Amino acid sequence: MKRFICCLAVLCLLLTGCAKSIPESAADGAAWDKGWTTLGGVLGVEEPGHDLELRDNNEALSVSDMYLASWTIGEGAPYVNEDGDEVVLYPARLDVLVYGRKDADAAQQAVDDWTARQAETYNVASSQTRTCGGQDYTISAYTCKSDANPYSRGVSAFGVYSGYAISAELNCLDSFTGDEASILIDFLDGCHYAA
């Protein structure tokens, strides 16, 4: 029993070492607000508005220096996906991924890979570079090529901050009446990166 407790204590110490601490300040000069949703001690997100509700902030991927958070808009409904799994489908879903790489060049390569995959999966209608909250992103509006995907359209933003690749994707059902580009841009304007 003592051996088990010692092993458990060591495991807890190792796991707490994986989590990143909350920064004191943001790169834009703002003091880090403990009320922000923090992804990996890298990204802090203000309350986003637009009825976006935080559904998940997954720190379980932190061992691989990857952080994922999801927000949704509207009421969820059961949906059976193409694999036969029942999931909850929302009128709009925003997924944000922060992916740590060895340096800025490797982070840019990850963004380039994501952009190439996006072109394979979606019909990209427009793409522009835009600065939101002091950070540069490539923002693209798209429609889905596959009928198997219940989300028919969306908008994404890809960027690089230091050694991190950043992805934010807002996917929408046909029935969603909000302006997805405005929602994503407002969301990004409320994002802060660690100093």
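Everything discussed here concerns the structure shown above.
The paragraphs below set out a description of the structure included in this document. (Residues numbered from 1 in each chain as written. Predicted model: local features only at pLDDT ≥ 70, side-chain atom pairs only at ≥ 80, totals over all residues. Heavy atoms only, no water.)

The biggest cluster of nonpolar side chains holds 31 residues, and the ones touching the most others in it are Leu-94, Tyr-137, Phe-187 and Leu-188. Elements with a contribution of two residues or more to this core: β2 (43-45), β4 (66-73), β7 (92-100), β9 (135-144), β10 (153-161), β11 (164-172), α3 (180-189) and β12 (191-193). When residues no more than four places from it in sequence are discounted, the contact partners of Phe-187 are Val-45, Pro-48, Leu-52, Trp-71, Leu-94 and Val-96. Counting residues in hydrophobic clusters, the runner-up holds eight residues, among them Leu-97, Ala-110, Val-111 and Ala-165. (Core = buried A, V, L, I, M, F, W, Y, C linked by side-chain atoms within 4.5 Å. Buried < 20%, exposed > 50% of the residue type's maximum accessible area, 1.4 Å probe, protein only. Helix = DSSP H or I, 4+ residues; strand = E, 2+ residues; numbered from the N terminus. Contact = heavy atoms within 4.5 Å.)

Of all the positions in α3, only Glu-180, Ile-183, Leu-184, Ile-185, Phe-187 and Leu-188 are classed as buried. The N-cap residue of α3 is Asp-179: its side-chain oxygen and the backbone nitrogen of Ala-181 are 3.2 Å apart. (Polar contact = N/O pair within 3.5 Å; in protein donor to acceptor, adjacent residues only side chain to side chain.)

Below, the discussion takes up the sheet that holds β11. Here we have seven strands laid out as an open sheet, ordered β3-β4-β7-β11-β10-β9-β8, and antiparallel in their pairing. Sheet topology places β3 (53-58) and β8 (122-132) at the edges, where each strand pairs with a single neighbour. Put simply, the sheet's adjacent strands are angled 15° from each other on average, direction ignored. Of the strand pairs in this sheet, β3 and β4 are connected by five bridges, and their pairing is antiparallel. Following the sheet pairing, Leu-54 is matched in β4 by Trp-71. Lying over the sheet, helix α2 (residues 104-121) contacts β7, β8, β9, β10 and β11, oriented at roughly 165° with respect to β10. (Pairing = 2+ DSSP bridges. Axes fitted to C-alpha atoms, helices over the stretch in contact; angles between N-to-C directions.)

Right, let's talk about α2 for a bit. Along an α-helix, residues three or four apart share an orientation, since each turn contains 3.6 residues. Compared with an ideal rise of 1.5 Å per residue, which puts 18 residues at 26 Å, α2 spans 26 Å between its outermost C-alpha atoms and is within 8% of the ideal. Taken as a whole, α2 has its buried residues at Ala-106, Ala-107, Ala-110, Val-111, Trp-114 and Gln-118. Seen end-on, α2 carries its buried residues on one side only, within an arc spanning 145°. In α2, the exposed residues that point more than 90 degrees away from the buried face are Asp-105 and Glu-120. (Expected span 1.5 Å × (residues − 1). Arc of directions from axis to C-beta.)

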